[in-house]
Amino acid sequence: MQIDRLVEGNTVVTVVKGRLDSSSSPRLDEMLAVIPDGSTAVLLDFEELTYISSAGLRVVLKAAKLARSSSVALAVCSLTPQVHEVFEVSGFSSLIPIHQSRETALASFT
Amino acid sequence: MTLREMDVRLPNDLSQMPALVARLDSFAEAADLSPKATHRLQLAVDEFVNNAVDYGYPDGRPGEIGVQVRCADDSVELTLSDDGDPFDPFTAPSPDLDGTLDERRIGGLGVHLIRTLARSFAYRRENGRNVVTLSLARDAA
């Protein structure tokens, strides 16, 4: 798994590539535990996320809870069909906004 | 020639997971499984092996986990077994999926995912082993 972080305006974009499973999820968890000062939104870009398990979902849910308690918006974007299926089945799609692309996600924050 | 079956035995730790993931990917490719069917297969094996390793051997004894995959015409048949303590994963309560973000509990989703994504599932205790059989749709679009 590879994690890249970049800033677009007031949004922190975290790009996760590869497999998000029980062995890799602690690294993402650690990175998402801190929302940089001045950020008003957090976007998880999963365009190149090939796999997610319940361990990965756990980290995403935790980040969504942190964002909410910090009054920061959180969304995910660019899910592959197989990752999208897991989001649907876990009920996350009704809790966390899912956008087709990074552009639409960023536009939704403004 | 299409690889139609694989049968792997693992120690009850996660050291062999990367090798298992790679083997499952090769198997799925050889069997021409769709990305969704491949993801479901990887997920079922991953969740099951993690659960068995995390909860099946509380005394820390060494154990053996078996992963058997067979491709049928329209399904992928999975048999997962372990010699851990008796445990039927399908008796676990379903997570509450309707709660708000604040209400949702963190965790407890693994078995729910497997149960929902499989066409059928069953558990039996046999010769001192937990045996879970799952049938996954082969042509999941």
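- Chain B appears in an unreviewed UniProt entry as ATP-binding protein from Ancylobacter mangrovi.

A short note on the overall build of chain B
Reasoning step 1: Looking only at helices and strands, chain B has three helices and five strands in total.
Reasoning step 2: Starting at the N terminus and walking to the C terminus, you meet the elements of chain B as β-α-α-β-β-α-β-β.
Reasoning step 3: Against the compact-globule benchmark of 14 Å for 141 residues, chain B has a radius of gyration of 15 Å, which places it among compact chains.
Reasoning step 4: Burial analysis of chain B (141 residues in total) assigns 50% to the buried set.
Reasoning step 5: Sequence separation of at least 24 residues holds for 65% of the intrachain contacts in chain B that already meet a minimum separation of 6.
Reasoning step 6: Summed over its atoms, the accessible surface of chain B is roughly 7,000 Å², and 49% of this surface lies on carbon and sulfur atoms.
Reasoning step 7: Looking at chain B, you have 15 positive and 24 negative side-chain charges, and the mean spots of the two groups are 4 Å apart.

So, the UniProt feature "domain: Histidine kinase/HSP90-like ATPase" (unreviewed entry) in chain B
Reasoning step 1: When the UniProt feature table is mapped onto this chain numbering, "domain: Histidine kinase/HSP90-like ATPase" (unreviewed entry) sits at residues 10–135 of chain B.
Reasoning step 2: Taken end to end, residues 10–135 of chain B is 34% helix and 25% strand, and its first and last C-alpha atoms sit 21 Å apart.

Things to note about the side chain of Ser24 of chain A
Residue and element names in this part refer to chain A.
Reasoning step 1: Examined against the element boundaries, Ser24 turns out to sit in the loop between strand S2 (11–20) and helix H1 (25–32).
Reasoning step 2: Among the polar contacts listed, one links the side chain of Ser24 to the backbone oxygen of Arg19, at a separation of 2.7 Å.
Reasoning step 3: Not counting residues within four places of it along the chain, the set of residues in contact with Ser24 comprises Met1 and Arg19.

Regarding the packing of helix H3 (residues 81–89) of chain A against helix H2 (residues 35–55) of chain B
Reasoning step 1: At a minimum axis separation of 8 Å, H3 of chain A and H2 of chain B run at an interaxial angle of 55°. The angle between H3 of chain A and H2 of chain B places the two elements in the oblique class. With respect to the hand of their crossing, H3 of chain A and H2 of chain B are arranged in right-handed fashion. Contacts between H3 of chain A and H2 of chain B involve Pro81, Gln82, Val83, Glu85 and Val86 of chain A from the first element and Pro35, Lys36, His39, Arg40 and Leu43 of chain B from the second.
Reasoning step 2: Taken together, the residues that form the contact of H3 of chain A with H2 of chain B break down as five nonpolar, two polar and three charged.

Points about the interface of chain B and chain A
Reasoning step 1: The interface of chain B with chain A comprises 27 residues on the first partner and 25 residues on the second.
Reasoning step 2: The tally of links from chain B across to chain A stands at three salt bridges.
Reasoning step 3: Close ionic contact of Arg40 of chain B with Glu85 of chain A constitutes a salt bridge, the shortest N to O distance being 2.3 Å.
Reasoning step 4: Where the side of chain B that touches chain A is concerned, the elements lending two or more residues are H2 and helix H3 (110–117) of chain B.
Reasoning step 5: The dominant element in the side of chain B that touches chain A, judged by the number of residues it contributes, is H2 of chain B, at nine residues.
Reasoning step 6: By residue class, the composition of the side of chain B that touches chain A is ten nonpolar, nine polar and eight charged.

Some remarks on the pattern of salt bridges
Reasoning step 1: Inspection of the entire model under this criterion finds 14 salt bridges over all chains.
Reasoning step 2: For Arg61 of chain B, the salt bridge goes to Asp85 of chain B, with nearest N and O atoms at 3.1 Å. Pair noted here: Arg61 of chain B is in the loop between H2 and strand S2 (64–71) and Asp85 of chain B is in the loop between strand S3 (75–82) and H3, with a separation of 24 residues, a long-range link.
Reasoning step 3: A residue is classified by how much of its surface remains accessible, and Arg61 of chain B, at 27% relative accessible area, is partly exposed.
Reasoning step 4: Classification of Asp85 of chain B as partly exposed rests on a relative accessible area of 31%.
Reasoning step 5: When salt bridges with common partners are traced through the structure, they connect Arg19 and Asp21 of chain A together with Asp46 of chain B into a single cluster.

Conventions used here
Residues numbered from 1 in each chain as written. Chains lettered and ligands numbered in written order. Predicted model: local features only at pLDDT ≥ 70, side-chain atom pairs only at ≥ 80, totals over all residues. Heavy atoms only, no water. Helix = DSSP H or I, 4+ residues; strand = E, 2+ residues; numbered from the N terminus. Rg over C-alpha atoms; globule rule 2.2 N^0.38 Å. Buried < 20%, exposed > 50% of the residue type's maximum accessible area, 1.4 Å probe, protein only. Contact = heavy atoms within 4.5 Å. Areas by Shrake-Rupley, 256 points an atom, 1.4 Å probe, with all protein chains shown as cover. Lys, Arg positive; Asp, Glu negative; His and termini not counted. Charge placed at Lys NZ, Arg CZ, Asp CG, Glu CD. UniProt positions renumbered as here; feature names shortened; annotations may be inferred. Polar contact = N/O pair within 3.5 Å; in protein donor to acceptor, adjacent residues only side chain to side chain. Axes fitted to C-alpha atoms, helices over the stretch in contact; angles between N-to-C directions. Parallel < 35°, antiparallel > 145°, perpendicular 65-115°, else oblique. Left-handed = near helix turned anticlockwise from the far one by under 90°. Nonpolar A, V, L, I, M, F, W, Y, C, P; charged D, E, K, R; others polar. Salt bridge = Lys/Arg side-chain N within 4 Å of Asp/Glu carboxyl O.

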